[in-house]
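Spelled out from the first residue to the last, the chains are:
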Amino acid sequence: AVVSTQSTGEQMLLDMAPIHERVLGEIEEVQSFEDGIKRPYFHVKELERVQLKNWKNYLDHVMAKKNNAKTVTLFERCLIACALYESFWIKYAEFMREIDVEETSKIYRRACMTHLPKKPQVHLNWAAFEEQRGQVAVAREALAHIDTNMPGLIAVILRRAGLERRCGNKQQGADILKAAVEASRGSTRDFWTLKYLNYTQFVLDQPHLGQELLEAEVEASQNSMRLYAKLLDMQNYKAQNNVDVTTAVTIFQKALESKLSAEEKAVFSHRRLTFLEEHSDSIEAIIIAYEDHVKNWKPAEKKRIEPMKDNNKKMGGNNKMGGGGRNYGGNYNNKQHYGGHSQGGGGYHGGYNQHQQQWYPQQQQNYNRSY
């Protein structure tokens, strides 16, 4: 009986040996990552960059093994120490999305409602995820939450308007954009004015709704080149194939008599020439505009062009300014010029990390270049 018991024990050890070796191998694989975890507990103090990199590499390593249970366990460990880092929450949600959509929604909710109430990226991702699976009410909740905690973020307001548009609530989308106009000042107000006008023009197909607002903004702010240009574009949109030359020339004249800089006025003068060449039935009007341009705006135009020439030479470019009529005169029918409509504003995954300046109104200068 003693021999039998000893033999059984030895056999059990032999049977367990492969498992023991496998476990030792797994421990050895992750030992360097475990040694790199210096703060496994939560603290409001930021983690060192090397700690964050260690957690990322550890997660990537475990995820590559395709063991979902171990991956979830590691994510939960990680999010104790890294609870305030939205990149880890987003990584967790994207991992879980392929496994369980309901659990993914819970992860986003934990992140946004508890740990990251003022982080726009994770809220935008959550809203996109919920909208994609048809949970529009939850998507609205996510966007309303970040809009309450961080009001005025450009990407959030655009997403809210886009969500309503995609749901068929076009007027509600317009109301959101108009509220953004009323709540903003300065260049940000110009930005939202153009967004609202584009929406009423191309989504509602009711440009008259924004006409009075635009004219009031032009009168109130006589130094916004974009608003004057948009006024011209709206006039052309309204007229379509029967361009009202008289009204357009009046708008050009308003711009030339405004508080715009001389260089900006030169742009409008050149554009007026191109417009009259294309649409005016009066050669006298064209000659008058040309003479006015040469007399009053040509020096300013040269002042604007010369730095471009110098910069082009420094960069070794072959572009000549002789074709500049297309830039200054513009394509009057091109809706993309000076605040034209763009379809990219409301997509599900708009490349948020690539354009983080859109989150904050005070950092939306790069947006202005599109107008």
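Analysis parameters
Residues numbered from 1 in each chain as written. Predicted model: local features only at pLDDT ≥ 70, side-chain atom pairs only at ≥ 80, totals over all residues. Heavy atoms only, no water. Helix = DSSP H or I, 4+ residues; strand = E, 2+ residues; numbered from the N terminus. Buried < 20%, exposed > 50% of the residue type's maximum accessible area, 1.4 Å probe, protein only. Contact = heavy atoms within 4.5 Å. Areas by Shrake-Rupley, 256 points an atom, 1.4 Å probe, with all protein chains shown as cover. Disulfide = S-S within 2.5 Å. Phe/Tyr/Trp six-rings, centres within 6.5 Å; stacked < 30°, edge-to-face > 60°. Expected span 1.5 Å × (residues − 1). Arc of directions from axis to C-beta. Polar contact = N/O pair within 3.5 Å; in protein donor to acceptor, adjacent residues only side chain to side chain. Axes fitted to C-alpha atoms, helices over the stretch in contact; angles between N-to-C directions. Parallel < 35°, antiparallel > 145°, perpendicular 65-115°, else oblique. Left-handed = near helix turned anticlockwise from the far one by under 90°. Nonpolar A, V, L, I, M, F, W, Y, C, P; charged D, E, K, R; others polar. Salt bridge = Lys/Arg side-chain N within 4 Å of Asp/Glu carboxyl O. Core = buried A, V, L, I, M, F, W, Y, C linked by side-chain atoms within 4.5 Å. Patch = residues over 30% accessible without salt bridge, like charges linked within 9 Å, V, L, I, M, F, W, Y side chains within 5 Å. pLDDT = per-residue confidence, 0-100.

How do you make sense of the overall build of the protein chain when you look at a structure like this?
On a plain count of helices and strands, the protein chain comes out with 17 helices and 0 strands. In the protein chain, buried positions account for 43% of the 371 residues. Nonlocal contacts in the protein chain, meaning residues at least 24 apart in sequence, comprise 58% of its contacts between residues at least 6 apart. Accessible surface, the protein chain: about 20,700 Å² in total, of which carbon and sulfur atoms supply 51%.

I tried to follow the state of the cysteines on my own but got confused; where do I start?
Working definition: the covalent bond between the sulfur atoms of two cysteines is a disulfide. Taken as a whole, this structure holds 0 disulfides when the rule is applied. There is no disulfide at cysteine 78, and the cysteine sulfur nearest it, in cysteine 82, is 3.9 Å away. For cysteine 82, a relative accessible area of 0% translates into the label buried.

Teacher, can you tell me more about the environment of valine 62 here?
Along the chain, valine 62 turns up in helix H2 (residues 49-64). Classification of valine 62 by relative accessible area gives buried; the value is 11%. Each C-alpha atom of the pair valine 62 and valine 72 lies 9.6 Å from the other, and the pair is 10 residues apart in sequence. Ignoring anything within four residues of it in the chain, the contact list for valine 62 reads Asn67, Lys70, Thr71 and Leu74.

How should the packing of aromatic side chains be read in this particular structure?
To describe a pair of aromatic rings, you give the distance between the ring centres and the angle between the ring planes. By the definition in use, this model includes 7 aromatic pairs. An angle of 15 degrees between the planes, with centres 4.6 Å apart, marks the rings of phenylalanine 75 and tyrosine 92 as stacked. Note that phenylalanine 75 is positioned in helix H3 (residues 68-81) and tyrosine 92 in helix H4 (residues 86-97), a separation of 17 residues in sequence. There is no split in this pair, since phenylalanine 75 and tyrosine 92 are both buried. Through a chain of ring-to-ring contacts, three or more aromatic side chains come together here, namely Phe33, Trp55 and Tyr58.

Whenever I open this one, H3 confuses me. Can you help?
Residues lying three or four places apart along an α-helix face the same way, a consequence of the helix completing one turn every 3.6 residues. An ideal rise of 1.5 Å per residue puts 20 Å on 14 residues; H3 measures up with 21 Å between its terminal C-alpha atoms. For H3, the full list of buried residues reads Thr71, Leu74, Phe75, Cys78, Leu79 and Ala81. For H3, the buried positions fall inside an angular range of 145 degrees around the axis, keeping them on one side. Looking at the buried side of H3, the elements it contacts are H2 and H4. At the N-terminal boundary of H3, the capping side chain belongs to asparagine 67, with an oxygen 3.3 Å from the backbone nitrogen of alanine 69.

What exactly am I supposed to notice about the packing of helix H5 (residues 101-115) against helix H6 (residues 120-132) here?
Relative orientation and spacing of two packed helices are given, respectively, by the angle between their axes and the distance between those axes. It is at 10 Å that the axes of H5 and H6 come closest, and there the two elements cross at 150 degrees. The angle between H5 and H6 falls in the class roughly antiparallel. Crossing angle aside, the handedness with which H5 passes H6 is left-handed. Only Val122, His123, Asn125, Trp126, Phe129 and Glu130 of H6 make contact with H5, whose side of the interface consists of Val101, Thr104, Ser105, Tyr108, Arg109, Ala111, Cys112 and Met113. A breakdown of the residues in the contact of H5 with H6 according to their chemical character gives 8 nonpolar, 4 polar and 2 charged.

Could you clarify how one ought to interpret the pattern of salt bridges in this entry?
Two side chains that carry opposite charge are able to pair once their charged atoms sit near each other. Tallied over the entire structure, the rule returns 14 salt bridges. Here glutamate 94 ties to arginine 97 by a salt bridge, and the two come within 3.9 Å at their closest N and O atoms. Separated by 3 residues within a single helix, glutamate 94 and arginine 97 lie in helix H4, roughly one turn from each other. Its salt-bridge partner being glutamate 164, residue arginine 140 comes within 2.7 Å of it at the nearest N-O pair. Taken together, the residues arginine 140 in helix H7 (residues 136-149) and glutamate 164 in helix H8 (residues 154-166) connect sequence positions 24 residues apart.

How should I be thinking about the nonpolar core in this particular structure?
If you look at soluble globular proteins, the nonpolar side chains tend to sit buried side by side. Within the largest apolar cluster, 42 residues are counted, with the highest numbers of intra-cluster contacts made by Trp55, Tyr58, Cys82, Phe88, Tyr92 and Val122. Put simply, the parts of the chain that give this core at least two residues each are helix H1 (2-36), H2, H3, H4, H5, H6, H7 and H8. For this core, the element with the highest residue contribution is H4, accounting for 7 residues. Leu197, Leu227, Ala248 and Ile251 belong to the second-largest nonpolar core, a separate cluster that totals 27 residues.

Would you explain a nonpolar patch on the surface in this entry?
Taken together, the side chains of Met16, Ile19, Val23, Leu24 and Ile27 make up a nonpolar region of the molecular surface, amounting to roughly 400 Å² of accessible area. Within the secondary structure layout, isoleucine 27 lies in helix H1. Take isoleucine 27: its relative accessible area is 42%, and that puts it in the partly exposed class.

Can you help me understand H8 in this one?
For H8, which comprises 13 residues, the first-to-last C-alpha distance of 18 Å matches the rise-based estimate of 18 Å (1.5 Å per residue) to within 8%. Burial of H8 is extensive: 10 of the 13 residues sit out of reach of the surface. Burial in H8 covers these residues: Ile154, Ala155, Val156, Ile157, Leu158, Arg159, Ala161, Gly162, Leu163 and Glu164. Note on H8: the residue one or two positions beyond its end, glycine 168, has a positive phi of about 90 degrees.

Just checking my understanding: could you explain the confidence of the model for the protein chain for this structure?
Fine structural detail should not be taken from predicted coordinates in areas where pLDDT scores are low. Looking at the protein chain, the pLDDT average stands at 77 and 76% of residues meet or exceed 70. Segment residues 311-371 is flagged for pLDDT under 50; beyond a separation of four residues in sequence, or across chains, it makes 119 contacts in the model.

Looking at this structure, how should I read unusual backbone geometry?
Peptide bonds are trans in most cases, and residues, glycine excluded, mostly fall at negative phi. Its identity is not glycine, yet lysine 66 carries a phi of approximately 60 degrees, on the positive side. Mapping lysine 66 onto the fold places it in the loop between H2 and H3.

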